[in-house]
Number of protein chains: 2
Amino acid sequence: MDKALQQEIDQLHAEICQCLADPRRISILYALSDGPKNVGALMESVGMDRPTASRHLKVLRERSMVRTERDGVSIYYSLADDRVIQALDLLRAVLAELLAKRSALAEALE
Amino acid sequence: MDKALQQEIDQLHAEICQCLADPRRISILYALSDGPKNVGALMESVGMDRPTASRHLKVLRERSMVRTERDGVSIYYSLADDRVIQALDLLRAVLAELLAKRSALAEALE
DNA sequence: TTCATATGTCCGCTTTCACGTATATATTAA
DNA sequence: TTAATATATACGTGAAAGCGGACATATGAA
């Protein structure tokens, strides 16, 4: 493939990954995997103040990781694509294995 | 689950995602999915200078996303877990769909 | 129109991160 | 031990991202 084109794809790919590279946003995405929620419910379930929630939701919105739908005065957020959760689950499994290995090392030290 | 514990997991989860949130590192990981490579070969295939390659490799090493093995004067890097590539592929598929939708919109405008 | 509620943005501040140049380390061969 | 090769780090700089408090907007009801 063309080198410049490949770089542009990698850039966009990295921007999507960037969305996932924050613990609050991960928490938000898993909260939404249960179903749509408005901002208040998300603040509650993730434990953030309003500006923080809004900022992170904006990041996710701008990268099209979440969708919004207004219902009266509330705005409901939902996942745009379940594969994002699948990807997060894969990485979480990798993490689990890393931690298990470290735990085994720790036990071997005793 | 305990809230503080959950936050700590999300933090580690985010640190893994952080590894993926850079176009150079994505390029490195895909290059390694073909098999182990030393730094020189990676520089070639990804098109970076040495300090840049070393820095990114350090990030991937510290998060255990890659393994290293010395062979004489060369150091060979390899993927620590193929599921990282699986996760990247899922996200790339999400990206492809997003771009396809935008492309359809662009055509509809003509 | 005025008020209350839900959501979003702006500001200053601090931290993190990526870059390139120059320098350091480690391994092998002479 | 010296030189050569392959790899890694240190440093200064500039850009980007996160935070919380104050402010702004939009919808619906009185």
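Bear in mind that the values here come from a model prediction, so they are computed numbers and not experimental data. (Residues numbered from 1 in each chain as written. Chains lettered and ligands numbered in written order. Predicted model: local features only at pLDDT ≥ 70, side-chain atom pairs only at ≥ 80, totals over all residues. Heavy atoms only, no water.)

Colleague: Hey, could you run me through the interface of chain B and chain A in this one?
Modeller: The accessible area lost on association of the parts is a frequent measure of interface size. Opposite the 40 residues of chain B that make contact, chain A presents 40 residues. Surface buried jointly by chain B and chain A totals about 3,400 Å² across both partners, of which 67% is contributed by carbon and sulfur atoms. Among the residues of chain B in contact with chain A, His13, Arg83 and Leu91 of chain B are the three that bury the most area, contributing 19% of the side total. Applying the counting rule to chain B against chain A returns four salt bridges. As a salt-bridge pair, Glu97 of chain B and Arg83 of chain A come within 2.7 Å of each other at their nearest N and O atoms. Run the count over chain B and chain A and you get eight residue pairs in polar contact (both at pLDDT 80 or more). At 15 residues, the largest contribution of residues to the side of chain B that touches chain A is made by helix α5 (residues 83-108) of chain B. A class-by-class count of the residues in the side of chain B that touches chain A yields 21 nonpolar, eight polar and eleven charged. (Contact = heavy atoms within 4.5 Å. Buried area = accessible area lost by both parts, 1.4 Å probe. Salt bridge = Lys/Arg side-chain N within 4 Å of Asp/Glu carboxyl O. Polar contact = N/O pair within 3.5 Å; in protein donor to acceptor, adjacent residues only side chain to side chain. Helix = DSSP H or I, 4+ residues; strand = E, 2+ residues; numbered from the N terminus. Nonpolar A, V, L, I, M, F, W, Y, C, P; charged D, E, K, R; others polar.)

Distances and angles like these do not, on their own, reveal function.
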